[in-house]
Structures are given as C-alpha cells and as structure tokens.
Amino acid sequence: MDGFRGGIESSGAEAELRLDADLLALIKQGTVKLEHKVTQIFEQLRGPVYHYLVAVFGDAAEAEDVAQEAFLQLYRSLHGGQAIGNVRCWVFRAAHNLAINRRKHQQFLAPLDDHSWEEIRQSLPDSALNPEQRVLQMERFERLHARLGRLSLQERQCLQLRVEGFRYREIAEILEISTPTVGEFLRRGIKKLMEENHG
Amino acid sequence: MDKGSYKDWSAEDGHPSEEVLLLYLDGELAPKEAGQVRAHLEACWTCRVRAEKIQETITAFIDYQNDVLKPLIEPPPQAWLGFGGKLDQLVAESGSRSLLSHMLGLFGRFFSALRLPASPRLLVKAAAGMIVIAIIAALLIRLNREPVVSASELLDHATEAQVVKIQATARPVAYQKLRVRHQDPARAREDLVSLEIWDDVTNARVRRSVEGVNGRQFISASGGANGAAVPSVLAELEQLLRASHMDPLRPLSPAAYRAWRDSLGQKREEVTRSHLAGGVAALTLRTTPLDPVAVGQIAEAELVVRARDWHPIEQRLRVRAAGGDQVYELTEVAFEVVSLNTLSPEVFAGEHAASLPPTGTTPSPTPPSGHRPPSAPARVVATPELEVEVLELLHRAGADLGEQVSAGRTPEGVLQVTGTVETDERKAKILHALEPVMNNPAVRIEIHTVAEALARQQARRPARPTTEHGVQIIGGTIAAESELRRHFLEKGLAGERVDEEVRQFSRRALRHSERAMFHAAAMKRLAGRFSPEELRALSAETRGRWLGLIREHARAVQRETGALRQELQPVFGASPPSEGAQREIEVADIASLVRAVEDLFNLSSANDRVVRSAFTLSTEPARVSALMTPQFWESLKRTEKLASRIAETR
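Residues numbered from 1 in each chain as written. Chains lettered and ligands numbered in written order. Predicted model: local features only at pLDDT ≥ 70, side-chain atom pairs only at ≥ 80, totals over all residues. Heavy atoms only, no water.

Chemist: Summarise the overall build of chain A; cite the residues concerned and give the values.
Modeler: The helix and strand inventory of chain A stands at 9 helices and 0 strands. Each helix (α) and strand (β) of chain A, taken in turn from the N terminus, gives the series α-α-α-α-α-α-α-α-α. When the 199 residues of chain A are sorted by exposure, 52% land in the buried category. Look at the contacts in chain A between residues 6 or more apart in sequence, and 70% of them connect residues 24 or more apart. (Helix = DSSP H or I, 4+ residues; strand = E, 2+ residues; numbered from the N terminus. Buried < 20%, exposed > 50% of the residue type's maximum accessible area, 1.4 Å probe, protein only. Contact = heavy atoms within 4.5 Å.)

Chemist: So what about the pattern of salt bridges? Which residues, and what values?
Modeler: Residue and element names in this part refer to chain B. Taken as a whole and judged by the stated rule, the model has 48 salt bridges over all chains. Put simply, Asp325 and Arg320 hold a salt bridge, and the shortest N to O gap is 2.9 Å. Under the relative-accessibility criterion, Asp325 is labelled partly exposed at 23%. The class of Arg320 is partly exposed, set by a relative accessible area of 29%. For Lys524, the salt bridge is made with Glu598, and the minimal N-O distance between the two is 3.6 Å. With Lys524 in helix 14 (residues 495-527) and Glu598 in helix 17 (residues 590-615), this residue pair connects regions lying 74 residues apart in the sequence. Residue classification places Glu598 among the partly exposed positions, given a relative accessible area of 34%. Linked by salt bridges that have partners in common, Arg181, Glu190, Glu270, Arg286, Glu302, Glu314, Arg316 and Glu329 make up one network. (Salt bridge = Lys/Arg side-chain N within 4 Å of Asp/Glu carboxyl O.)

Chemist: How would you explain empty space enclosed by the protein if you had to name every residue and give the values?
Modeler: Empty space left among the atoms is revealed by rolling a probe the size of a water molecule over them. Residue and element names in this part refer to chain B. As enumerated under the stated definition, the model contains 9 cavities of 30 Å³ or more in all. Counted as a void, the largest cavity has a volume near 270 Å³. Every residue lining the largest cavity is counted, 23 residues in all, and those nearest its centre are Gln162, Ala174, Asp199, Arg250 and Ser253. At the level of secondary structure, the elements contributing two or more residues to the lining of the largest cavity comprise helix 7 (151-167), strand 1 (172-184), strand 2 (189-200), strand 9 (326-339) and helix 11 (424-433). Here the element with the most residues in the lining of the largest cavity is helix 7; it accounts for 5 residues. Class assignment of the residues belonging to the lining of the largest cavity gives a composition of 13 nonpolar, 4 polar and 6 charged. (1 Å grid on protein atoms, 1.4 Å probe; cavity = no way out; pocket = protein on both sides within 12 Å on 5 of 7 lines; lining within 4 Å. Points joined across faces, edges and corners; volume = space filled by probe spheres on them. Nonpolar A, V, L, I, M, F, W, Y, C, P; charged D, E, K, R; others polar.)

Chemist: Quick one: what's the story with the side chain of Ser77 of chain A, residue by residue and with numbers?
Modeler: Residues and elements named next belong to chain A. Considering the arrangement of structural elements, one finds Ser77 in helix 3 (residues 60-79). Of the residues examined, Ser77 reaches a relative accessible area of 19% and is grouped as buried. The contact partners of Ser77, leaving out residues within four places of it in the chain, are Gln82 and Trp90.

Chemist: Any details on the packing of aromatic side chains? Residues and values, ideally.
Modeler: Applying the stated criterion across every chain, the model contains 17 aromatic pairs over all chains. Centre to centre, the rings of Tyr52 of chain A and Phe57 of chain A are 6.5 Å apart; their planes meet at 85 degrees, and the pair counts as edge-to-face. Ring plane angle 75 degrees and centroid distance 4.8 Å describe the contact between Phe92 of chain A and Phe166 of chain A, whose orientation is recorded as edge-to-face. On the criterion of sequence distance, the pair formed by Phe92 of chain A in helix 4 (residues 87-102) and Phe166 of chain A in the loop between helix 7 (153-163) and helix 8 (168-175) is long-range, its members being 74 residues apart. Following the ring pairs from residue to residue traces out a cluster consisting of Phe42, Tyr50 and Phe71 of chain A together with Trp80 and Phe83 of chain B. The ring of Phe166 of chain A is capped by Arg88 of chain A, whose NZ or CZ atom sits 4.3 Å from the centre of that ring. Lying over the aromatic face of Phe348 of chain B, Arg205 of chain B brings its terminal NZ or CZ to 4.0 Å of the ring centre. (Phe/Tyr/Trp six-rings, centres within 6.5 Å; stacked < 30°, edge-to-face > 60°. Lys NZ or Arg CZ within 6 Å of the ring centre and 35° of its normal.)

Chemist: Any details on the packing of helix 6 (residues 131-148) of chain A against helix 3 (residues 45-72) of chain B? Residues and values, ideally.
Modeler: Packing of helix 6 of chain A against helix 3 of chain B brings their axes to within 10 Å, and their N-to-C directions diverge by 85 degrees. In terms of orientation, helix 6 of chain A and helix 3 of chain B fall into the roughly perpendicular class. Two secondary-structure elements touch here, helix 6 of chain A through Gln137, Arg140, Phe141, Leu144, His145 and Leu148 of chain A and helix 3 of chain B through Glu56, Thr57, Ala60, Phe61, Asp63, Tyr64, Asp67, Val68 and Leu72 of chain B. Grouping the amino acids of the contact of helix 6 of chain A with helix 3 of chain B by side-chain chemistry returns 8 nonpolar, 3 polar and 4 charged. (Axes fitted to C-alpha atoms, helices over the stretch in contact; angles between N-to-C directions. Parallel < 35°, antiparallel > 145°, perpendicular 65-115°, else oblique.)

Chemist: An account of the nonpolar core is requested, with residue identities and associated values reported.
Modeler: Core analysis: the largest hydrophobic core is formed by 83 residues, its most contacted members being Val49, Leu53, Phe71 and Leu74 of chain A. Residue contributions to this core peak at 13 residues, all from helix 2 (residues 34-57) of chain A. Ignoring anything within four residues of it in the chain, the contact list for Leu74 of chain A reads Ile41, Ile84, Val87, Trp90 and Val91 of chain A. By size, the runner-up hydrophobic cluster in this structure holds 38 residues, among which are Ala151, Leu178, Leu252 and Tyr257 of chain B. (Core = buried A, V, L, I, M, F, W, Y, C linked by side-chain atoms within 4.5 Å.)

This is the structure we're talking about:
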C-alpha cells in the first residue's frame, strides 16, 4: 500500500536544493556564485514547475513566462539575504502565486478526438500489456481524461502537486491553505476519478 | 508535526473513513493512528478493498500523467531562451552593493541565532569579529587578484555543470543542435552544416542528423539502413577530431576539448571575458600548442562557455593545412537534456541500445542488480584468461588507475567488474571499452556514476537535509612556497606571474607524483591477483599479456618519476646523489618480479608522501630541506631504475 510514493520519476538530487545559512555564507564569500546556483536550480526545477503550471492553468506560453519569473524572484530573494530551507516548495509557491495573479480562466482539458487518442495510443512506450489490455487501458484513460475536466481548480492543484511528490504540509504552504483542507481536496479529487463499481 | 489529529476515526461505525484511509496511504497519520489503521486493515477485508480502490485510482492517475498528459503538454514555446539574458540583467542590476555589509549582517544573524549563555557569547562574538576580519581581508585580496579562472578550472566547471544537468533527468538524452562552419582558404570555400546530436547517456549511443533539402536526415557512419552517409565536411571534421583525441560524436563538449588539451605537451592558455549577442556574458579559453604543429593538426583552439552556467556554446579549431590554415567553427544553436521517455521514437529507431537496461535515476522496486537477467541458466566460472582480458580492456580505457573501478571474483567464480565513476561520459566510455566481454555469462558489470549511487541511497532511505560544506582556507601556505617564490623571482618574474607559476609548479609536481603512485598501485594489484600456482597454470600467451600490463605500468612509473625529478631538481635539488654501490636489481622469475613490484610500490608511496608534504597546504610550515633530503633524491633514482628494470622483464 504505497499511496503516491511511486509517482512520476523525479530527480534524486534533492540534497542540492537546501539553501541554508552555511551555503549562503559561501555564496556571499564568492566561493559559490549565486547566479550559478540559481541557474542550476532553474535547470533542475523548470520542467516540473512548467508541467504543473500547464497541467493546472493551461496556457503554455504563460506557463513558461511565469516559471522564468519565479526563478528570477528566487534570485532576488536570495540576493537580499533570505535563507530558504525548502527551495522546491518556495519556487512552486512563487510560481503558483504568479500564475494565480495572471490567470486567464481556461478550461484546460478539451475533450480529445479519436485521432488524438489514436496518436497517443501509438506513441505509448512498449509496455508489458498485451493488445487487449492496452485497449482496456486506453478506455480507462479516456474516462480519466473526461473526469479530470470536472475537477475543481483546487482539487486539480492539489492532485498535481501531490504527483510532484510534495507532502500535505508543503502543498498547504504552496497554496496557502490549511493541511486538513489539502486532505479534503485530495480526497474529493480521487473520489471523482474513481471508477464506479459495485463497491 | 502537522499531521491530522484524527483520534475519532473509529467513530464511523468502527471503520476508517475515506479521508483517513487516504491519509494513511500517504503516510500523513501520526504513528499511533497509523498503527491502528494498519491493524484494522489486516483484520477487515472490506476496508482493505476500499483502500486498494483508492490506491488503484492513484495508480491509474499516475499512468495517465505519464502516458497521456506528459506527451500532450507541448514543450515551452520559447525553449527557455531569454532566461539567461534576464538573469544576467538582474545580476547586473543587483550588483555587489554592500557585499561586505551583507556578510556582516549574515554573521550577526548567524551568531545571534545561537542561544548561548552570556559570557561565552562575548567570546564568540569576539571570535566572530576576528574571523570576519580575516575573511574580509582574504576577500579583498581575492578581489584584487585574479578575476578570471584558469583553463583547468573552466573545464572543471563546464564538466560539472553538464553532469548536474544530466543527473537531474530520468533516462537522460543530451540533445544538441550545432551549426558547423568550415573555411578552407586554399579552395576559397566555406561550408555550412546544421547538425543535430542526440546523446543517450545511459545506453552509450549517439544519433546524429543533418539538415538537408528534405528536412531532417539521420546519418550514420555505417550508412545503409542506419542512415544516410555522413556529409564530407563532417567526415573530415570527424577525422580531425579523432586524430586530436577528441570524441567525434561529441564535438562540442568539455570532455572533448579537455582530451585534446591534455594530450598536448607545451601549450599556452588564456581565459578572457567576452560578450555574446544579447548581452550574455561569456568566457573564452584559447589554447595554443607550443610544440611544432604538423599538417592536419590543430594549431589553435578556442572554447567559449557562458559565464553564468559554464555551458560551452562555441568552439573554433584552426587546423594546419598546406594552402593556409583551415578553420572549423562550431556554434550551439540549441541544447536540452530530455528524457528518453519523451523523446520521439524515430530518433533511436533502428539502432538498438547496448544490451543494458538503463540505470538512470528511476526508482525501481528491486535495486538494479547488474546488467544480466537474474536467472543465469548454468553456473559459469570465469577463466584466468578471461580475467586477464578484462584487465586489459580496463587498462586501455584508463580505468585501472586510482578510479574506484575494480574487477574481482564472486564466490561462484563469476568475474565482477564494479565501480563508481565521476561522470556519465566516463561510465559510457568504460562500458564501451568492455563491449567485447559484455555478453559473456561469466562476466558481470556494474558501473555507476556517483550521482546514481547517491540517488539509489536516497531512494532507499528518506532524504535527510544535508548541508553543503565548503572548504574555507583562511591561512596557511605550502611548505615549498618561499623556495619556489625565490626561484621564480630570480628568473625575473614578478607579482601575479610568480603566484601563478608557484601554483602551476605545485600542481605539476603533485600530479606526477600521484600518477606514479597510481601506476605502482595498479602493478601491485596485478601482481597480487594470481597465486604462483595460478600463474604457472596460465597459458604462455595469457601470462605474456599479464606481464605486458605490468610492463606498461612500470614504464609509466619510470616516466612520471623521471618527470617529477626533472621538475624538482632545478629548484630544490642538491647535486645528484653519488652513485654508491647499489645492489643490482635482478628480476629473473615470477617470485622476484612480484617482490620488485612490491618494492616499487613502497618507494612510490614514500616519494609521494614527501611531495605531498612539500606542496599541499598546511598550517605549520615545514622546511623543505628537511623534506627533500639526499635520501629522497636517492629514492627517486632508485624508483626510476627499478621501474625500468621491471619494464624490461621478459
């Protein structure tokens, strides 16, 4: 029983992302260059941040813009002397806030036509499934896709952040809500995605 | 801890609610409550099934993320261009205003955060004050000294930066789009090729394509089904690169540049600041070999890296040619590290990966257990012949020196090659070198990069916050500093040059000494690998190959120790030691060879210890004359002599 601990492959280099007082002191001395560090972090986190923004807010060009701005803010804050413990959390929060302020209301998940589904099916990596199982999986995906469109914005946000591997407390920090509320949104989200059987 | 307090979860007719089940699955319950839920699930089928349904939904959602959503999300339209310029601008705006006051402020905050009783605090503050002064002093000195990095440092940074990019992606493929321009004054021609390279790091394979009239066209050296023929401009460039010790498939990379530059004898190097279009700050490394350059060799090379992230973006190679020097200019147009999962399958279609499952940073349920299917049918034992062959292959890849790569036997008799190396390129190179024995059932290969080893460790245990510690040098000099300075001042150098020469000298001396010791260590490992009986049982041919390896290392020891002596003597040496009566070293049979190897190793280690004491930083200065005694010079000579004797053994 694993919960979300599997999840999307995420980078293992999380030890890099602790910017505590020690490292900041080194940066100030010039032993480590701040812009080098920020660029490193940028290259590591820009993918996941961008993915989150597009998955939740929909606009790719906006997402790219917002993501870049979040990292520039990171530089500003660090340069101003702020010590940041959990960098991943901080960056996602900055990006999230920027996106909320700019947000254009978009219904991201347009229903896909058969052609798109066919393309997706063809581009699936080789898996252990036989053709019959593949068909069933594709049908499952179509249902998921439709249901995702019915999630509320907060449910969507919580699910995407959870997929990214954040704990409830971190998600609460990013979205500026309480931890039990995070649990509630996740529960509702999963409920909406769950296959109705005779359970 | 911010975990929910769901004490009354059992209020709902004795079964946990959906909410609680989810919290339990996500590890968000306090231990006591988690224990209660677990116990309940063990007992209650209904609730277990409910929990499984939640888990199953999560699984489907994750699959959907990977198989549908990710491919659906288009890559960023601007490909992240523009960030660099914006950051550079921001850096320029923020500037180094009150850098020192920042530091002081930081230290103030640092120490007031420590809750100390009153009087020690005074002491600590005083100490802090002194440290601050020392650091400011060091900083000021640094700021006035060299503003630009050395060639080696530039290449180090560039290599490291590349590793970081690659390690951050699962199943990484480094994509690079280059513009290759070739100028040939003799024929008054200029060729231009647009080249794309996909470097699948984990599977050690590379795919290339050129921009043709019909769009992208994959090319391959072997041609035929694998791709079109390589255009002549590129083929010539490949030839040049190969002859210059550079990897033809990764032409614009720190590793390739370094490989060429390390192969040179005397050279002049210079690092300068420059700016590219768009205001992006850059550093240019120019390397000029001082030894005579023949036709077809590189007369001068330049590597341009972005100042901000050390990423190489341009390279110029000037090649000696009969009718006037030719120039190859490689410019990077695009670069990205993508995951093999999201890469279009047409790139590596038709080329199959080496028969290795990827060892990327994917968390997997079972730890990767080497590159063989776990159920080997019959028990196969590696023969000594096979062992020697593997040793030779490792030797040719340069993997038997000081790196953490070793070959040993498992209890079942299988030959296991294990190791941890710094970079993905190194790993790929070693795996490539081991290709001939890759599919041998008696050989098991497990080479990982440091990054992978760390990632696996972290996957098994929850990541603990680690603090980075930098090495901070406030004081101390190297023991040989004053003598070296005097030496260079006498030669008429002054100021910064003297510092630079001192640094280079130390580096060279340490390097020669270290390499000699590594080779001696490799010899010792080789000699100790087989027992005398096993050696006798080897075929003459195999024994010859084993001896050959030892001889090569011996020659290297001789070479490096000789170079070390020649470096040191002009500065520190007394008159060469008298040729006292020396016991003639006889290496007639295997037993005496093994003894000689042992002696050589001990000598090299002793030499290295002396060199290390003289040229590394310490807080107590030692007198060099106390280090480089007549015995030391004697020892150097003996080392060379013994090494040469071993090298001549038949």
